[in-house]
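Next come the chains, spelled out residue by residue.
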Amino acid sequence: MAAIPGPRYFGFVMGGGLPAALAADWLTAAWDQNACLETMSPAAAVVEETCERWVVDLLGLPASASAGFVTGATAANTTCLAAARHAVLRDVGWDVADSGLHGAPSVDVLVGAQRHATIDSALQLLGLGVATARRIPADGEGRMDADALVTALREREGPAIVCAQAGEVNTGAFDPLEAIAAACAASGAWLHVDGAFGLWAGASPRLRHLVGGVERAQSWATDAHKWLNVPYDCGVAIVADRDVHRTAMSLSGAYLPVSAAGRDGTAYVPEASRRARAFPVYAALRSLGRRGVAELVERCCDLARQMAEALDAAPGMRVINDVVLNQVLVRLDDPSATADALAAIQTDGTCWVGGTIWNGEPAIRVSISNWSTTADDVASSAAVIASSVRSAVP
């Protein structure tokens, strides 16, 4: 078993369980509420509605946007892109809910070269295709080339969906969202932003510039079990047009009493039977408050810079990304020794870091997003990483 909730687990972007959120998660299991319909659980419905309002406000998104609470970023991206598929085809006279995709107008999907794998999963599930998606070049940090996107949008003829990214999973870099949003607005394309962890930069006054322009998108995906540090699992699918969101996720049946005034959670997600995931989200937001969320995000970013400085100063390796957020990417002077170094780090047990391939070469990836991580955790972990690299490099 891996110590995922621990303060020195840096292998993936994973938060720990905030005490208030963990307690609420225990209560959620004990209450055993099905958050499908308001009539099944009025409490779950009210809490989802409250959390929707709080999350949208905290992230600086349009107040009218709707949010569905799903399992994670894969489900959130899929939900948002289902809404996008519905909207762009509706705008050219095709009802995908009734008629499906057979015979439908072709939808051009444009993605960054360094998009997250869950975007591909969503495209596959929705029948939009992975291989047919047009890949827009990215720079050395993984940021989409906005000029190349403009050119690609001019060349397409039919409806289009653009998938941008807030927080590249290796480098933490942000696509130029303002320029991308302007290009999408000018061409009539739907803009979706995958911000599984990076979208939370919008909660910090110090880091908000990184997501400048994000509010101009039509949909956003993020995770609460990453930087908000609620226990697994909880993702959030947010769509600017509530009617489009609800239509794309519509569920009906003679025995299903739809609420006239309240919130039916299943109207915003692909699931019917579903856990009341918003209870831990409510507890996390209520315990932290606006300032607490900002401080949590900023503290992790400060610790990432501390880690980067320590590793960059150590012999045998160098930091190869611009540490703008919580991701540190390290390449060994002898990349062939990366696997041995990783094995030594993981065997030592002080911390856990992961490996990746970046621009064709192996690298070590450090992600800091746990509320309980301290400067001492970073210092002791950096020392073990440096020692392991020294022992692995001939």
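These notes cover the structure that comes with them. (Residues numbered from 1 in each chain as written. Predicted model: local features only at pLDDT ≥ 70, side-chain atom pairs only at ≥ 80, totals over all residues. Heavy atoms only, no water.)

A short note on the packing of aromatic side chains
Note on aromatic pairs: each is described by the distance of the centres and the angle between the planes. Taken as a whole and assessed by the stated rule, the structure comprises four aromatic pairs. Here tyrosine 9 and tryptophan 352 contribute two aromatic rings whose centre-to-centre distance is 5.4 Å and whose plane-to-plane angle is 10 degrees, an arrangement assigned as stacked. With tyrosine 9 in the segment before helix H1 (19–31) and tryptophan 352 in the loop between helix H10 (338–348) and strand S10 (354–358), the pair connects residues that are 343 residues apart, well separated along the chain. By relative accessible area, which is 28% here, tryptophan 352 ends up partly exposed. Here the aromatic residues Tyr9, Phe12 and Trp352 are joined through ring pairs into a cluster of three or more. (Phe/Tyr/Trp six-rings, centres within 6.5 Å; stacked < 30°, edge-to-face > 60°. Helix = DSSP H or I, 4+ residues; strand = E, 2+ residues; numbered from the N terminus. Buried < 20%, exposed > 50% of the residue type's maximum accessible area, 1.4 Å probe, protein only.)

Some thoughts on the side chain of histidine 225
Its location among the elements puts histidine 225 in the loop between strand S6 (219–223) and strand S7 (235–239). The class of histidine 225 is buried, set by a relative accessible area of 5%. From its side chain, histidine 225 meets the backbone nitrogen of cysteine 234 in a polar contact 2.8 Å long. Those residues in contact with histidine 225, other than ones at most four positions away along the chain, are Met14, Gly15, Thr71, Gly72, Val230, Pro231, Tyr232, Asp233 and Cys234. (Polar contact = N/O pair within 3.5 Å; in protein donor to acceptor, adjacent residues only side chain to side chain. Contact = heavy atoms within 4.5 Å.)

A short note on the pairing of strand S2 (residues 108–112)
Burial analysis of S2 places four of its five residues in the buried class, which makes it a mostly covered element. Where S2 meets strand S4 (residues 160–165), four bridges bridge the pair, whose relative direction is parallel. Among the inter-strand pairings, aspartate 108 is bridged to a residue of S4, identified as alanine 160. Looking at chain direction, S2 and strand S3 (residues 134–136) are connected through three bridges and run parallel. Residue pairing across strands places leucine 110 opposite arginine 134, the latter belonging to S3. Considered for its hand, the β-α-β crossover made up of S2, helix H5 (residues 117–125) and S3 is right-handed. (Pairing = 2+ DSSP bridges. Right-handed = clockwise from strand over helix to strand, strands pointing away.)

Notes on the packing of helix H3 (residues 73–90) against H5
Running from amino to carboxyl end, H3 crosses H5 at an angle of 50 degrees, the nearest separation of the two axes being 8 Å. Relative to H5, H3 is oriented oblique. For the element pair H3 and H5, the recorded crossing hand is right-handed. Counted together, Ala73, Thr74, Asn77, Thr78 and Leu81 of H3 and Thr118, Ile119, Ser121, Ala122, Leu123 and Leu125 of H5 form the full contact between these two elements. Its residues assigned to classes, the contact of H3 with H5 shows six nonpolar, five polar and no charged. (Axes fitted to C-alpha atoms, helices over the stretch in contact; angles between N-to-C directions. Parallel < 35°, antiparallel > 145°, perpendicular 65-115°, else oblique. Left-handed = near helix turned anticlockwise from the far one by under 90°. Nonpolar A, V, L, I, M, F, W, Y, C, P; charged D, E, K, R; others polar.)

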